[in-house]
Amino acid sequence: MNAIVTAVLDVLGSEAGAAHYGEGVSQREHALQAAWLAEQAGAPAVLIAAALLHDIGHLLHGLPEDIAAHGIDGRHEDVGAAWLERHFLPAAVAPVRLHVAAKRYLVAVEPGYATTLSPASTRSLALQGGAMDAEECLAFRALPGAADAVALRRWDDAAKRVGLATPPLSRWRPHLCAALRTP
Ligand SMILES: [Fe+2]
C-alpha cells in the first residue's frame, strides 16, 4: 500500500475531515460527494482523485474552521496544491490549484452561476477577488488544466448535499494511486 495515499485517506478520515467550514456537510462528506460526482460524469481516475483532494488545503494549513467568516482568505487551493504536487501528477494538481479561479471565472462568464453558490462560497468569493475581468478570463482559459478545473468546480458546488449516502473513502484508493507521480 502506498504511504502517501494512506496519509491522504487518513487526513480525510480524521477529526479534521469532520470540520464543516460553514457548509451543511463535513469536509469528508464534501470530498466523497465530489469524487462520486466526478465518477458519475465519466471523469478519468486522475480527475476523480483531484475531486476527492480539491479542498485538502483546508485540512493542512491549521487555521480555524470558520476562517472565511473572519475575513481571511487562507488560499487553501495553493496550500493544497503545493502539498499535493510533491506526490501527485500535474493533471491531478492543476485542477486543485485552479478550482477557486474556476469559480471566479464562472461567475464572470456564466449568467446566474453566482446565484447557485452556497452562502459560504459566496462569502469566500469576495475574499478571493470576485468575478474575473475579461483579461483574467482569457489568461485563465489558457492555463493547463483550466477545463478540468471548471468541471471540478461544478462537482465541488454540487457536493454539498446533506445526508447523501456515498461510497466510502477506500473506494478511491485506486484512483489516488493512479494519480501518483511514482506508482
Ligand atoms: Fe470544495
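All of these numbers come straight from a predicted model, not from anything done at the bench.

**Student:** Which parts of the structure should I look at to understand helix α6 (residues 90-109)?
**Tutor:** Because each turn of an α-helix spans 3.6 residues, side chains separated by three or four positions in sequence point in the same direction. Of all the bends in α6, the largest measures some 50° and sits at H99. Within α6, 15 of the 20 residues are buried, leaving the element largely enclosed by the surrounding structure.

**Student:** Can you walk me through the environment of Q33 in this structure?
**Tutor:** Considering the arrangement of structural elements, one finds Q33 in helix α2 (residues 27-40). With a relative accessible area of 2%, Q33 lands in the buried category. Put simply, Q33 and K160 are 127 residues apart on the chain and 7.5 Å apart in space, counted from C-alpha to C-alpha. For Q33, the residues in contact, after removing those within four places along its chain, are V25, A158, A159, K160, R161, L164 and T166.

**Student:** It is not clear to me how empty space enclosed by the protein should be interpreted in this structure. Could you clarify?
**Tutor:** Any space left empty among the atoms is revealed by the rolling of a water-sized probe across them. All chains considered together, the criterion is met by one cavity of 30 Å³ or more. Listed by contribution, the elements that provide at least two residues to the lining of the largest cavity are α2, α3 (45-53) and α4 (56-60). A per-element tally of the lining of the largest cavity places α2 first, with three residues.

**Student:** Which parts of the structure should I look at to understand the coordination of the iron ion?
**Tutor:** Tetrahedral coordination by four donors sets the ideal angle at the metal to 109.5 degrees; octahedral coordination by six donors sets it to 90 or 180 degrees. Only H30 (NE2), H54 (NE2), D55 (OD) and D156 (OD) from the protein coordinate the iron ion, and they sit 2.1 to 2.2 Å from it. Each of the four donor atoms around the iron ion contributes to a set of angles spanning 79 to 170°, which defines the coordination as irregular. Spacing between the donor residues of the iron ion along their common chain follows H-x23-H-D-x100-D. Of the two residues, D55 sits in the loop between α3 and α4 while D156 sits in helix α9 (residues 146-158), which places them 101 residues apart along the sequence. For D55, a relative accessible area of 10% puts it in the buried group.

**Student:** Would you explain the packing of α3 against α9 in this entry?
**Tutor:** In helix packing, the relevant descriptors are the interaxial angle and the interaxial distance, both defined with respect to the helix axes. One can describe the packing of α3 onto α9 by two numbers: an axis separation of 10 Å at closest approach and a directional angle of 50°. Here α3 lies oblique to α9, going by the angle between them. The interaxial crossing formed by α3 with α9 has right-handed handedness. Between α3, through L47, A50 and A51, and α9, the contact on the second element is made entirely by D148, L152 and W155. Looking at the contact of α3 with α9 residue by residue, the class counts come to five nonpolar, no polar and one charged.

**Student:** How should the pattern of salt bridges be read in this particular structure?
**Tutor:** Side chains that carry opposite charge are capable of pairing whenever their charged atoms lie near each other. Applying the stated rule across the entire model yields nine salt bridges. E85 is paired through a salt bridge with R97; the nearest N and O atoms lie 3.1 Å apart. Taken together, the residues span a long stretch of sequence, with E85 in the loop between α5 (76-84) and α6 and R97 in helix α6 at a distance of twelve residues. Across the salt bridge formed by R153 and D157, the nearest N and O atoms sit 3.1 Å from each other. On the criterion of helical spacing, the pair formed by R153 and D157 is a turn pair, its members being four residues apart in helix α9.

Thresholds, definitions, all that
- Residues numbered from 1 in each chain as written.
- Predicted model: local features only at pLDDT ≥ 70, side-chain atom pairs only at ≥ 80, totals over all residues.
- Heavy atoms only, no water.
- Bend = angle between axes of the 7 residues up to and from the residue.
- Helix = DSSP H or I, 4+ residues; strand = E, 2+ residues; numbered from the N terminus.
- Buried < 20%, exposed > 50% of the residue type's maximum accessible area, 1.4 Å probe, protein only.
- Contact = heavy atoms within 4.5 Å.
- 1 Å grid on protein atoms, 1.4 Å probe; cavity = no way out; pocket = protein on both sides within 12 Å on 5 of 7 lines; lining within 4 Å.
- Points joined across faces, edges and corners; volume = space filled by probe spheres on them.
- Donors = N, O, S within 2.8 Å, 3.2 Å for Na, K, Ca; no water.
- Tetrahedral: all angles 85-135°; square planar, octahedral: opposite > 155°, others 65-115°.
- Axes fitted to C-alpha atoms, helices over the stretch in contact; angles between N-to-C directions.
- Parallel < 35°, antiparallel > 145°, perpendicular 65-115°, else oblique.
- Left-handed = near helix turned anticlockwise from the far one by under 90°.
- Nonpolar A, V, L, I, M, F, W, Y, C, P; charged D, E, K, R; others polar.
- Salt bridge = Lys/Arg side-chain N within 4 Å of Asp/Glu carboxyl O.

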